[in-house]
Structures are given as structure tokens and as C-alpha cells.
Amino acid sequence: MLIQIPELLSPQALQQCQDLLAHAEWVDGRVTAGTQSAQVKNNWQLPEQSRECQALRPIIAQALNQNALFLSAALPKRIFPPLFNRYEGAHNTFGNHIDNAIRACPVTGQRIRTDLSATVFLSDPDSYEGGELVIEDTYGQHAVKLAAGDMLLYPSSSLHRVEAVTKGARIAAFFWLESLVRETERRRLLFDMDMAILELRSSQGDTAPAVSLTGCYHNLLRMWAEV
Ligand code: NI
């Protein structure tokens with residue numbers, strides 16, 4: 001399931017990110033790639049120890065923590081600190097790959113199972129050509145290019161690539177997360193249920209059936225969550 005989170009970043013937060021990124025120094029993106037993806041990865045990445053990366057991470061983290069749609073869709077347990085990449089010039093593409101299943105958090109050393117992958121688009125889509133994130137799932141291929149500040153969540157198990165950027169620069173934040181609910185189908189069911197309950201409550205108020213359904217949601221979550 002692909003989920004778009006519109007306006008993850010407020011205009012102010014986006015501007016702050018773009019200002020920090022404007023003066024950043026980039027390195028070869030293969031620093032965090034596995035041996036297989038290193039063969040198809042050809043982009044730039046922000047060094048994790050850089051001042052800019054350290055300043056950018058809390059901006060993204062705060063936006064994630066405040067976004068109800070993200071929290072409901074992802075049910076995050078552990079979030080990998082975001083990384084930042086840039087596709088431009090001769091370093092402009094990332095071929096088909098599947099993300100590594102396990103990642104060690106660079107800050108805590110704790111291992112994270114990657115259930116969901118996320119891309120936060122940080123460049124205005126009109127400022128570059130190409131650069132679509134193409135994801136293959138059982139329903140076919142999806143090419144995604146979102147407004148600056150928007151985020152896409154997709155299952156880490158899916159084959160994906162970033163098409164060559166032929167003009168301009170595409171800058172994005174990306175990260176992985178381990179969900180409280182490992183199975184995509186269960187997470188999907190909980191998300192759909194949560195959204196339906198939200199709509200029901202706003203249109204009908206907290207009626208007895210709405211309270212009962214909310215209880216069912218929490219009891220399903222209790223049954224499936226690995227805390
Ligand atoms: Ni990837």
C-alpha cells in the first residue's frame with residue numbers, strides 16, 4: 001500500500017530545510033548502500049555527521065510526531081534517523097533495488113527491521129525533470145513525484161527505483177521504520193478502520209456504535225502490536 005502524506009512539512013519547516021540544504025556539501029550516495037544496491041545507486045548523499053544533517057533531522061522528526069495521518073498509517077515503533085539525498089548532473093539515478101531488511105540505527109546502535117520506507121520530497125517538482133520514484137507492487141508500477149514537503153510511505157519489501165533526473169536537482173529526505181504491526185495487511189486494515197471511525201465520529205458524534213468500533217480498533221491493535 002502506498003500512502004501519501006500531504007504537507008508533512010509546514011511551509012516554514014520546508015523553507016528551513018531548503019535553506020540548510022542550499023549550502024550543504026554532498027558525498028557519494030553509496031556510503032549507506034548494500035553491495036547489490038551499490039551497483040545501481042548513483043546519487044549524492046549528505047554525510048550523517050555534517051552540521052546540516054544534524055540540524056535537519058529534528059525538523060523531520062518533529063513533523064512526523066505531529067502528523068496524525070502518518071502515525072495512523074505507519075504505527076511507528078522505531079524510526080531510522082532521516083538521510084538526505086540529491087540527484088543531479090552525473091549522479092542522477094538509483095536503479096531497481098529492495099531496501100535492506102535490517103538497519104542499525106547510527107545513533108543508538110539498535111537494529112531496526114525495515115517495514116516501511118519513506119521519501120519526503122524537498123524540491124519543487126517544477127524545478128527538475130525526471131526523478132520519479134517508481135514502485136512495483138502486486139498492482140503494477142506506480143511512478144510518484146510529489147510536491148515539496150509531501151511524503152510517500154511504501155512497503156520496504158517492494159522493488160523500487162528513482163528515474164534519472166535530466167534537468168535540475170531532486171533533493172529528498174528518506175528513512176525506514178519498524179512498525180508496531182509487522183504485517184502490511186493488518187496495518188492496512190487498522191488504518192482503514194481508524195479513518196472510517198474518524199469520519200463516523202465527525203459526522204455522527206461519539207455514538208455508542210462509534211465507541212464500540214473504537215474499542216474494536218484498540219483491541220485489534222492490542223492483539224497485533226509488538227511493543
Ligand atoms: Ni531504496
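Scroll up to find the structure.
Residues numbered from 1 in each chain as written. Predicted model: local features only at pLDDT ≥ 70, side-chain atom pairs only at ≥ 80, totals over all residues. Heavy atoms only, no water.

Q: Explanation requested: the layout of surface pockets in the structure shown.
A: Rolled over the atoms, a probe sized like a water molecule indicates the empty space that remains. Taken as a whole, the largest pocket spans an internal volume of roughly 220 Å³. Along the wall of the largest pocket there are 13 residues; nearest its centre are Met 1, Asp 137, Thr 138, Pro 155 and Thr 184. Counting only elements with at least two residues in the lining of the largest pocket, the list comes to β12 (133–137) and α5 (184–204). In the lining of the largest pocket, the residues fall into five nonpolar, four polar and four charged. Taken together, domain 1 (3–179) and domain 2 (184–224) each give at least three residues to the lining of the largest pocket, which thus spans both. (1 Å grid on protein atoms, 1.4 Å probe; cavity = no way out; pocket = protein on both sides within 12 Å on 5 of 7 lines; lining within 4 Å. Points joined across faces, edges and corners; volume = space filled by probe spheres on them. Helix = DSSP H or I, 4+ residues; strand = E, 2+ residues; numbered from the N terminus. Nonpolar A, V, L, I, M, F, W, Y, C, P; charged D, E, K, R; others polar. Domains from an automatic or database assignment.)

Q: Help me understand the packing of α5 against helix α6 (residues 208–224), please; the structure alone is not making it clear to me.
A: Relative orientation and spacing of two packed helices are given, respectively, by the angle between their axes and the distance between those axes. Two numbers describe how α5 lies on α6: the axes approach to 10 Å, and their chain directions differ by 160°. Between α5 and α6, the angle is such that the two are roughly antiparallel. Considering the relative orientation of α5 and α6, their crossing is left-handed. Across the interface between the two elements, Arg 186, Leu 189, Leu 190, Met 193, Asp 194, Ile 197, Leu 200 and Arg 201 of α5 pack against Ala 210, Leu 213, Thr 214, Cys 216, Tyr 217, Leu 220, Leu 221 and Trp 224 of α6. Of the residues in the contact of α5 with α6, the class split is twelve nonpolar, one polar and three charged. (Axes fitted to C-alpha atoms, helices over the stretch in contact; angles between N-to-C directions. Parallel < 35°, antiparallel > 145°, perpendicular 65-115°, else oblique. Left-handed = near helix turned anticlockwise from the far one by under 90°. Contact = heavy atoms within 4.5 Å.)

Any link to function would need more than the numbers given here.
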